[in-house]
Amino acid sequence: MQPSTFFRALFFLAVLAGFAPAAPPVTIWVSSDADLKYYQNMAQLYQQKVDKDFQANIQSFGFTEMPDKLSLAIKSGINTPDIVQFEEIFFSLYLKGEVPFVDLTDRIAASPLAKGILPQRMGLFTWKGRTYGVPQSLSSVVLWYRADMFKSLGISPKDLSTWDKFEAVGQSLKHKHMMLTAMDWSYLDILLRQRGYDLYNAQGVAFPDSVVTVDTWKRLVSWINDSVAFVPDRGGIFEPGFFANYVQSNSVLSLIGPDWYGLDMIQNFDTTHVGKWRAMPLPVWTDSLSHGHRNTSSFSGQGLVIFKKSPQVERSWKFVEWVMTDPDANVDRYLQGNSFSAYRPSWTDLRFSQPNPFFGNQNLAQLFTDIAPNMPYTVQSPLHALIINLLREQYFLSVVQHQATPENTISAIRAQIAQMTFGQRGQQSGTKP
Amino acid sequence: MSPRRRTRPLPFLLLAPFFTALFVFWFIPLLQGFHLSLESDDLYGNTSFVGFLHYRTLVHDARFWHALRNTFAYCALSVLLILPLALGLAHLLRRTYRKSRALIQFCLMLPGLTPPLVMALLYVLIFSGPFGLLNRVFLHPFGLPNVDWIRDPRFVKPSLALLAMWRWTGFITLIFLSGLEGIPGSYYDTARTEGASAGQLFRYITLPLLRPVTAFVAAFLFLDAFTLFEGAYVLLGGSGGVLDAGLLLISYSYITAFTLGNFGSAVAISFSSLPLLMLVLWFILTQGRIRLFSAVKFSAAKRLPA
Amino acid sequence: MFPAKRFPIKKQAAPLMATLALAALCVAFAFPFVWMFCASFKSDADIFTPFPLLPHHFNPRYYSSLLDGSWIPYPRQFLNSLFIAIVETFLATSFAAGSGYVFAKFHFRHKQPLFILAVLTVLIPRQVLILPLFIWMNKLSLLDTPWSVILPGAASGIGILYFTAIFRRLPDALLDMTRCEGAGEYRVFLGALPLVKPALIAFALIQFVLCWQEHLVPLIMLSTQTHLTVTVGLSSLNAGSMRVPYGLLLAGCTLTVVPTALFFALVHRQFQSALSRLTEA
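What you see is a predicted model, and the numbers here were worked out from it, not measured in a lab.

### Here's the deal with the overall build of chain A
In step 1: Summing up its helical and strand segments, chain A has 18 helices and 12 strands in all.
In step 2: By the compact-globule yardstick of 22 Å for 433 residues, chain A fits well, its C-alpha radius of gyration being 24 Å.
In step 3: Restricting to contacts in chain A with at least 6 residues of sequence separation, those with at least 24 account for 78%.

Put into structure tokens, the structure is as follows:
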């Protein structure tokens, strides 16, 4: 080839490269308004800092609507997203056959996330030894309490250092028409895990620790009998109605829940008691059945997954990795999105320690950081969503309303699960229960 | 020349749009749905053909039968609650001042005009616990204890039926009102001169003449209760409630599809209930002796040739 | 009604008592709406106390923030709902009326099976077909367009039942008159329509209300926020965030009731006369 032709070709190629179409936007599905705004901001930040061609198309759906749309998209293959941010409970729905998300095990191992994410949280998105998602939130469980009410009643946090003491304090409030706490099904989940057990295991067995489960359940029922706690009307705490009717009238003094309970729920729903709430570690179990004396537990939590058939897996991964490791991204998620990160290196950022006036200027980040090493290890299983669903919708209430015993309920749930997964309905690659 | 002998394009032109829409947007998806119910439940990856496995599994599925019983109980309860109430209201409405009628009808229709989301938000006010209106206004003043309308398994179906009642009573009352007004007053006058009591008037004149209307309304309500998902979704979030007391077939289908990811089984559930539904509807419409046209007369008595 | 000679007292008391009883019921039925309307002006703290009805601090900003689209593109979604409801109602009514006319007035082979086929659609709930419908709409490239919601609703089995009954009651003599004047069948049909105008309007009203309230089909078929209907938009706002003030949602709901209530108020009289024609013994 003559030199002039060569250079002409080169020039032509250079021009072509300049006109190469930019990659299509990465589609991210989230399930709340706050997350929508967060990722829009993060996409812009990422574009400035890392990848000038990065475009993101973020779609937000209702919290309960998102898994519906996702299932439909995956089943039909139509309009599938690239990245999804959702609750780990929903993740378990997709484990019964071939997992529709990218296996990120090797990528995580090669990234700062391997050492950075709190080890206890990695199990959330791991199934059969492979990790399919990055856990985003720490979700350490604390006791949120009304410091002003405690003060006027002469209760100090030291009086709640163990569950026995907690119950004693609760019983002493009987005549004052106040409840020390309100309860829902999540308490069973949380307290069981605090004791070192769980409702299912990584092999996919339901209620492997039924003795301790029954014991914990009976303990919760005794709380109701002794007026230490009550169950709100609709069976859940996450209701503005509960806050309007009970919390605001000072009938409930504390709540057990993860970091985002206080940050997101209490801050938004209880606007009349600004400055009056605080957080403290959980009371510990002192009996022989419980493992260790953990002063915290875990509950649920969000994570990021990448759809297996996404045409932009690498691009999506780079963004996911960045959003989990970048200091600004982590801080923003906490300050605007009320989600405390599971990525440990980010905790040293001073912006986390900004005093929160709603919680009387308590340094919540310090609390979360202190108790994080005590968090229990969590595992995942395809049964997780099923068990939670049955517990939450039917069985928890029937036990606390004395319509069934914990033992019978456990057998009933096991039977239902066996029924639901019977033969895996003809599935090709099923997981036997 | 009798019109019947010529071939006219008009009937086919008029039928075409409907049947095209029916074929394209109902039958094709219906067949695809049926095919889906014959496939395995793999959410991701390749599915395999399993024939009638899902249908066979349903026979042993206790939850399916429970949902079926619940659904029929709830449908029957709704119909039995709304029909007499609406008829009674229609009677009352006839006796009120003419000028106030329009306003009353509007108020009664109001619930039917609202989207389910409104009912979801209103639920918080009406159904929830001791502070909820239902307890505060209707039970406490009479010294009755609190009823946990949603969490008590005994009251879940009545709650759903109350919701249906609140939604449809207005509309059904209007239908009955027109039905009542369609009965010539002379019938009553003649009967009264022969010494009939009010009860006899009702039993031998009003009821028989309202029979087709009642059947149509009963069929409509039954169908709505059977196929409407919004009510259960609003109250129970699509679940079955405590001890599955509120689990309807439509909810079970939804749970199977979306909560469990078993789309094939979900379609099988819905298809399985169809024969029973058709039977019940046929029964209702037959009882009503509804006349539509000479070829198809919904009557058990006789069939006229086409 | 009651002969004056036998029950002189009751004749005066009956209307009054009936009115009072109905008024009480109306209060029960209408109260939630009055509450909703008042609560749309209340701040969150006030909302959960149903009494007093009137807000402590009158707060009209929810309406303005809805209408200027700062939370969701409400005006756009409202228009989407209107478009879908109007077109779907028009199609359902005209398709069903046309077919009802044919079933009532003409005889041909296969009429009976066709009729039963048409009516059977009523038995299948939409939820059952949602996945195949979703896939099918995608093949037709109609996903995320209003037509994906409109077209499945265009064939109404109840409509066939209804209009067949309506047209059957229409005396053939009236139609024959037009025929004798030499009009074609098309002209006869067009002439029959004004005769059943109240029935058309009544059916249209019910269809409109049902279309307006539809939730599952728009939720699944539509994804872009600016394409959603107002019911789906509001419900995802409700489910999507804990920061949404309830007053905002209630304001959205109040506005959502307006079109259906207006439609009903306007066609009220026609609606009534249509019902009486249908229920003639």
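### Considering the overall build of chain C
In step 1: Looking only at helices and strands, chain C features 14 helices and zero strands.
In step 2: In chain C, the succession of α and β elements from N to C terminus is α-α-α-α-α-α-α-α-α-α-α-α-α-α.

### Notes on the sheet that holds strand E11 (residues 277-280) of chain A
Each strand in a sheet pairs with another by means of backbone hydrogen bonds, the pair being arranged parallel or else antiparallel.
All names here are of chain A.
In step 1: Taken together, five strands build an open sheet; the order of strands is E9-E8-E10-E7-E11 and the sheet is mixed. Edge positions in the sheet fall to strand E9 (229-230) and E11, since each of these pairs with one other strand and no more.
In step 2: Bridging between strand E8 (residues 179-182) and E9 involves two bridges; their strand directions are parallel. In the sheet register, Ala 182 faces E9, and the bridge partner there is Phe 230.
In step 3: Contacts from helix H13 (residues 259-269) reach strand E7 (141-146), strand E10 (252-258) and E11 within the one sheet, and its direction differs from that of E10 by about 120 degrees.

### Concerning the confidence of the model for chain A
Residues and elements named next belong to chain A.
In step 1: When pLDDT is averaged along chain A, the result is 88; 92% of the residues meet or exceed 70.
In step 2: When the elements of chain A are averaged for pLDDT, helix H1 (residues 3-18) gives the smallest value, 60, and helix H5 (residues 105-109) the largest, 97.
In step 3: Of the regions scoring below 50 in pLDDT, residues 428-433 engages in 19 contacts with residues more than four places distant in sequence or in other chains.

### Regarding the domain arrangement of chain A
All names here are of chain A.
In step 1: Taken as a whole, chain A is organised into domain 1 (23-136 + 301-373) and domain 2 (141-197 + 208-298 + 378-382).
In step 2: Distance from the C-alpha centre of domain 1 to the C-alpha centre of domain 2: 28 Å.
In step 3: Tallying the contact residues gives 24 residues for domain 1 and 20 residues for domain 2.
In step 4: Broken down by secondary-structure element, the contributors of at least two residues to the side of domain 1 that touches domain 2 are helix H4 (88-91), helix H7 (119-122), strand E4 (126-127) and helix H16 (364-371).
In step 5: Among the elements that line the side of domain 1 that touches domain 2, the one with the most residues is H16, at four residues.

### Quick word on the interface of chain A and chain B
In step 1: If you look at the interface, chain A gives 29 residues, while chain B gives 33 residues.
In step 2: Those elements that provide at least two residues to the side of chain A that touches chain B are helix H3 (65-76), helix H12 (240-247), helix H17 (383-400) and helix H18 (406-420) of chain A.
In step 3: Counted by class, the side of chain A that touches chain B contains eight nonpolar, 13 polar and eight charged residues.

### Quick notes on the interface of chain B and chain C
In step 1: With 73 residues of chain B in contact, the opposing surface of chain C contributes 77 residues.
In step 2: The element that contributes the greatest number of residues to the side of chain B that touches chain C is helix H1 (residues 9-37) of chain B, accounting for 16 residues.
In step 3: Here the residues of the side of chain B that touches chain C are counted per class, giving 56 nonpolar, 12 polar and five charged.

### Topic: the sheet that holds strand E12 (residues 302-306) of chain A
All names here are of chain A.
In step 1: The sheet built from five strands is open, its strands ordered E2-E1-E3-E12-E6 with mixed pairing. Here the strands that pair on one side only, and so sit at the sheet edges, are strand E2 (56-60) and strand E6 (133-135). Shown here is a sheet whose adjacent strand axes are inclined to one another by a mean of 20 degrees, direction ignored.
In step 2: One ladder, built from three bridges, connects E6 with E12; its direction is antiparallel. Bridged to Pro 135 within E12 is Gly 303.

### Some words on the environment of Ser 31 of chain A
Residues and elements named next belong to chain A.
In step 1: You can see Ser 31 is positioned in the loop between strand E1 (26-30) and helix H2 (33-49).
In step 2: Residue Ser 31 is classed as buried on the basis of its C-beta count, with 28 C-beta atoms lying within 10 Å.
In step 3: Between the C-alpha atom of Ser 31 and that of Val 84, which follows or precedes it by 53 residues, the distance is 9.2 Å.

### Observations concerning helix H11 (residues 197-213) of chain C
Residue and element names in this part refer to chain C.
In step 1: In this model, H11 (17 residues) spans 24 Å end to end at C-alpha, consistent with the 24 Å of a helix rising 1.5 Å per residue.
In step 2: Judged by how many residues are buried, H11 sits mostly within the fold: 12 of 17 residues are covered.
In step 3: Looking only at H11, the buried set comprises Pro 198, Ala 199, Ala 202, Phe 203, Ala 204, Leu 205, Gln 207, Phe 208, Val 209, Cys 211, Trp 212 and Gln 213.

### A look at the packing of helix H4 (residues 74-105) of chain C against H11 of chain C
Residue and element names in this part refer to chain C.
In step 1: For the pair H4 and H11, the least separation of the axes is 9 Å and the interaxial angle reads 140 degrees. Taken together, the axis directions place H4 and H11 in an arrangement best described as oblique. Between H4 and H11 lies a crossing of right-handed hand. Residues Ser 81, Ile 84, Ala 85, Glu 88, Thr 89, Ala 92, Thr 93 and Ala 97 of H4 lie in contact with H11, whose contacting residues are Leu 200, Phe 203, Ala 204, Gln 207, Phe 208, Cys 211 and Trp 212.
In step 2: Taken together, the residues of the contact of H4 with H11 sort by class into 10 nonpolar, four polar and one charged.

### Structural notes on the confidence of the model for chain C
All names here are of chain C.
In step 1: Put simply, chain C has an average pLDDT of 82, and 89% of its residues get 70 or more.
In step 2: Confidence drops under pLDDT 50 across residues 1-9; counting only partners more than four residues distant or on other chains, this segment forms four contacts.
In step 3: With a pTM of 0.85, the predicted complex shows an ipTM of 0.84.

### Quick look at the nonpolar core
In step 1: One finds Leu 143, Trp 144, Ala 182 and Val 320 of chain A together with Phe 134 and Ala 154 of chain C to be the most contacted residues of the largest nonpolar core, which totals 304 residues.
In step 2: Among the elements that take part in this core, helix H7 (residues 153-181) of chain B stands out by supplying 13 residues, more than any other.
In step 3: Ignoring anything within four residues of it in the chain, the contact list for Ala 154 of chain C reads Ala 21 and Phe 25 of chain B together with Glu 88, Leu 91, Ala 92 and Phe 95 of chain C.

### Description of unusual backbone geometry
Residue and element names in this part refer to chain A.
In step 1: The backbone phi angle of Lys 128 is positive, close to 55 degrees, even though this residue is not glycine.
In step 2: Note that Lys 128 resides in the loop between E4 and strand E5 (130-131).
In step 3: Here Lys 128 falls in the exposed class, since 12 other C-beta atoms lie within 10 Å of it.
In step 4: Positioned with a positive phi, Ser 139 is a non-glycine residue whose angle comes to about 55 degrees.
In step 5: Tracing the sequence through the fold places Ser 139 in the loop between E6 and E7.
In step 6: Of the residues examined, Ser 139 has 27 C-beta atoms within 10 Å and is grouped as buried.

### Things to note about the domain arrangement of chain C
Residues and elements named next belong to chain C.
In step 1: Examined at the domain level, chain C breaks down into domain 1 (8-62) and domain 2 (72-278).
In step 2: The C-alpha centroid of domain 2 is placed 31 Å from the C-alpha centroid of domain 1.
In step 3: Tallying the contact residues gives 11 residues for domain 1 and eight residues for domain 2.
In step 4: Going through the elements one at a time, helix H1 (8-39) and helix H2 (44-47) are the ones with two or more residues in the side of domain 1 that touches domain 2.
In step 5: It is H1 that provides the largest number of residues to the side of domain 1 that touches domain 2, a total of three residues.
In step 6: The residue makeup of the side of domain 1 that touches domain 2, split by class, is six nonpolar, three polar and two charged.

### Thoughts on the packing of helix H5 (residues 111-120) of chain C against helix H8 (residues 157-169) of chain C
Residues and elements named next belong to chain C.
In step 1: Running from N to C, H5 and H8 cross one another at 130 degrees; their axes reach a closest spacing of 6 Å. What the angle tells us is that H5 and H8 run oblique. Counted together, Ala 118, Val 119 and Leu 120 of H5 and Gly 157, Ile 160 and Leu 161 of H8 form the full contact between these two elements.
In step 2: The residue inventory of the contact of H5 with H8, partitioned by class, reads five nonpolar, one polar and no charged.

### Details of the environment of Thr 57 of chain B
Residue and element names in this part refer to chain B.
In step 1: Mapping Thr 57 onto the fold places it in helix H2 (residues 53-59).
In step 2: For Thr 57, a count of 18 C-beta atoms within 10 Å translates into the label partly exposed.
In step 3: A C-alpha to C-alpha distance of 30 Å links Thr 57 and Pro 158, two positions 101 residues apart in sequence.

### Let's talk about the pairing of strand E3 (residues 83-87) of chain A
Where a strand is regular, its side chains alternate between the two sheet faces.
Residue and element names in this part refer to chain A.
In step 1: Within E3, four of the five residues are buried, leaving the element largely enclosed by the surrounding structure.
In step 2: As paired elements, E1 and E3 share two bridges and run parallel to each other. Within the sheet, the bridge partner assigned to Ile 28 lies in E3 and is Ile 83.
In step 3: Across five bridges, E3 lies against E12 in antiparallel orientation. Following the sheet pairing, Gln 85 is matched in E12 by Leu 304.

Definitions and cut-offs
- Residues numbered from 1 in each chain as written.
- Chains lettered and ligands numbered in written order.
- Predicted model: local features only at pLDDT ≥ 70, side-chain atom pairs only at ≥ 80, totals over all residues.
- Helix = DSSP H or I, 4+ residues; strand = E, 2+ residues; numbered from the N terminus.
- Rg over C-alpha atoms; globule rule 2.2 N^0.38 Å.
- Contact = placed C-beta atoms within 7 Å.
- Pairing = 2+ DSSP bridges.
- Axes fitted to C-alpha atoms, helices over the stretch in contact; angles between N-to-C directions.
- pLDDT = per-residue confidence, 0-100.
- Domains from an automatic or database assignment.
- Nonpolar A, V, L, I, M, F, W, Y, C, P; charged D, E, K, R; others polar.
- Buried ≥ 20, exposed ≤ 12 C-beta atoms within 10 Å, placed from the backbone.
- Expected span 1.5 Å × (residues − 1).
- Parallel < 35°, antiparallel > 145°, perpendicular 65-115°, else oblique.
- Left-handed = near helix turned anticlockwise from the far one by under 90°.
- Core = buried A, V, L, I, M, F, W, Y, C linked by C-beta atoms within 7 Å.

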